[in-house]
Amino acid sequence: MPAPMMDTYSPPDLVFDHGKGTRLYTEAGDAYLDFISGIAVNCLGHAHPKAVAALNEQAGKLWHLSNMFKVPKGIELAEKLCAATFADRVFFTNSGAEAMECALKTARRYHFVNGNPQRYRIITFTGAFHGRTFGAINAGGNPKYLEGFGPAMEGFDQVEFGDLDAVKNAVTEETAAICVEPVQGEGGVRAPEDSFLRGLRQICDEHGLMLIFDEVQSGAGRTGKLFAHQWVEGAEPDIMAAAKGIGGG
Ligand SMILES: Cc1ncc(COP(=O)(O)O)c(C=O)c1O
């Protein structure tokens, strides 16, 4: 009989039973130091007592209501995120890729409701990774992730990461937004010069473009600030996607 789960990452023959802090334990009782953290997700480690207590408390009170209703802790988190960032409002969804889909849609929609539906193109960068949904693999533009999934989606213009002149040359009357990871994760932990992020902000201001930051991997404290772009003055985005560590896993 074939294995019941797709081996998309070719996992090793280990089965993990539980974790504590930075350690993972197999069913056989062997301990491993977890350097992967669910790919930059478990920022509080495994089974942190405060996270477990908060989850247990909530699970005993209220499970899922959809975005159709308000939940006190959801409002509290949205208020905290707005207070700690440039943002005025927060939209909650299920994953980093979906947060990116929301960001891309928000940028296009902004131009649509302002009477400019022809502005739909999004400038993206070499080495980018934005998730594995259809929109996100096309925004990422990595041929490895696009192969075998049909024609590439229209509307993304990829330029060299870090090259402000290339960005300027790529802007047209149809450009809606620039989308970038302030520190590229999958692209090799690449941090651009501060002047690059500032320059992107200026280009967006000059041309009325939305600046989208993908902080799915660089956010939630991984660079020492809540979000990586907060190290750079004058480089706030209009839209930002956050995920992974934001929920502690
Ligand atoms: C920069 C970046 N954006 C988006 C994603 C997609 O997040 P998720 O796996 O939660 O869909 C990832 C995941 O690794 C990422 O690193």
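Note that the structure is a prediction, hence the values are computed from the model and not measured.

Let us now look at the pairing of strand E6 (residues 175-180). Walk down a regular strand and you will see the side chains alternate between the two sheet faces. Across the 6 residues that make up E6, a large majority, 6, are buried. As judged from the 3 bridges shared by strand E4 (residues 121-125) and E6, these two strands associate in the parallel manner. In the strand pairing of E6, Arg121 is matched with Thr175. Here E6 pairs with strand E7 (residues 210-214) via 4 bridges, running parallel.

A few words now on a nonpolar patch on the surface. On the surface, Tyr9, Leu33, Phe35, Ile36 and Ile39 cluster together into a nonpolar patch covering about 600 Å² of accessible area. Assignment of secondary structure puts Ile36 in the loop between strand E3 (31-33) and helix H1 (37-40). You can call Ile36 exposed: its relative accessible area is 59%.

In the vicinity of the ligand, the residues found are Ser95, Gly96, Ala97, Phe129, His130, Gly131, Glu181, Asp214, Val216, Gln217 and Lys244. Within the backbone of Gly96, a nitrogen or oxygen atom sits 2.8 Å from an oxygen atom of the ligand. Contact distances for the ligand include 3.0 Å between an oxygen atom and a side-chain N or O atom of Lys244. For the ligand, whose unbound accessible area comes to 390 Å², protein coverage reaches 81%. Among the residues forming the shell around the ligand, the class breakdown is 3 nonpolar, 5 polar and 3 charged.

Next up on the list: the pattern of salt bridges. Inspection of the entire model under this criterion finds 7 salt bridges. With its nearest N and O atoms 2.8 Å apart, the salt bridge here joins Arg121 to Asp157. One end of the pair, Arg121, is in strand E4; the other, Asp157, is in strand E5 (residues 156-159), with 36 residues separating them in the sequence. Taking the relative accessible area as the measure of exposure, Asp157 reaches 22% and is therefore partly exposed. A single network of salt bridges, built from pairs that share partners, joins Lys73, Glu76 and Lys80.

The subject of this paragraph is unusual backbone geometry. Its identity is not glycine, yet Ser66 carries a phi of approximately 70 degrees, on the positive side. Mapped onto the elements, Ser66 comes out in the loop between helix H2 (49-59) and helix H3 (72-84). Accessibility expressed as a relative area gives 29% for Ser66, which makes it partly exposed. Positive phi, normally seen in glycine, also occurs at Lys244, with a value near 40 degrees. Take Lys244: its relative accessible area is 25%, and that puts it in the partly exposed class.

Before going further, it helps to spend a moment on the state of the cysteines. As enumerated under the stated definition, the model contains 0 disulfides in all. No disulfide involves Cys102; its sulfur sits 12 Å from the nearest other cysteine sulfur, which is in Cys179. This cysteine, Cys179, is not joined by any disulfide, and Cys204 carries the nearest cysteine sulfur, 11 Å off. For Cys179, a relative accessible area of 1% puts it in the buried group.

What follows covers the nonpolar core. Among the nonpolar cores identified, the biggest contains 19 residues, and Phe125, Val167, Ile178, Val180, Phe196, Leu197 and Leu200 are the most heavily contacted of them. If one sorts the elements of this core by residue count, helix H8 (residues 194-207) sits on top with 5 residues. Sequence-distant contacts of Val167, that is, excluding residues within four places in its chain, are made with Ile123, Phe125, Val159, Ile178, Phe196, Leu200 and Ile203. Grouped together as the second largest cluster of nonpolar side chains are 17 residues, Leu104, Ile122, Cys179 and Ile212 included.

One open sheet holds the 5 strands; their spatial order is E5-E4-E6-E7-E8, and the pairing between them is parallel. Strands at the two margins of the open sheet, each flanked by one partner only, are E5 and strand E8 (239-241). Neighbour to neighbour, the strand axes of the sheet diverge by 25 degrees on average, direction disregarded. Strands in contact with helix H4 (residues 96-113) are E4, E5, E6, E7 and E8; relative to E7, the strand with the most contacts, it is inclined by about 180 degrees. Taken strand by strand, H8 contacts E4, E6 and E7, and its axis lies near 165 degrees from that of E6.

Here is what the cut-offs are and how they apply
- All residue numbers refer to positions counted from 1 along the written sequence of the respective chain.
- It should be noted that, the model being predicted, local features are given only for residues of pLDDT at least 70 and side-chain atom pairs only at 80 or more, the latter also being counted only at that level, while totals for whole chains, interfaces and linings use all residues.
- In computing side-chain properties, one takes all heavy atoms of the structure into account and sets aside hydrogens as well as water.
- Burial here depends on accessible area, computed with a 1.4 Å probe over protein chains only, as a share of the maximum for the residue type. Under 20% is buried, over 50% is exposed, and the range in between is partly exposed.
- Helical segments are the DSSP runs of H or I of at least four residues, strand segments are the runs of E of at least two, and each set is numbered from the N terminus.
- Here a strand pair is declared whenever DSSP counts at least two bridges between the two strands.
- What makes a patch is a set of residues exposed beyond 30% relative accessible area and free of salt bridges, joined within 9 Å when like-charged and within 5 Å when nonpolar (Val, Leu, Ile, Met, Phe, Trp, Tyr).
- To be clear on the numbers: accessible area is Shrake-Rupley with a 1.4 Å probe, and residue cover counts the displayed protein chains and nothing else.
- By definition, a salt bridge exists where a carboxyl oxygen of Asp or Glu is found within 4 Å of a side-chain nitrogen of Lys or Arg.
- Proximity criterion: a residue is near a molecule or strand once any of its heavy atoms comes within 4 Å of it.
- Polar contact is defined as a pair of N or O atoms within 3.5 Å, subject to the rule that within protein one atom must be able to donate a hydrogen and the other to accept it, and that residues adjacent in sequence are counted only when both atoms are side-chain atoms.
- Residue polarity follows a fixed list, in which Ala, Val, Leu, Ile, Met, Phe, Trp, Tyr, Cys and Pro are nonpolar, Asp, Glu, Lys and Arg are charged, and the others, Gly among them, are polar.
- For the purposes of this analysis, a disulfide is any pair of cysteine sulfur atoms at a distance within 2.5 Å.
- The nonpolar core is taken to be a set of buried Ala, Val, Leu, Ile, Met, Phe, Trp, Tyr and Cys residues, with the residues joined through side-chain atoms within 4.5 Å.
- The contact criterion used throughout is that any non-hydrogen atoms of two residues lie within 4.5 Å.
- Angles run from 0 to 180 degrees between N-to-C directions of axes, and those axes are lines fitted to C-alpha atoms, restricted for helices to the stretch in contact.

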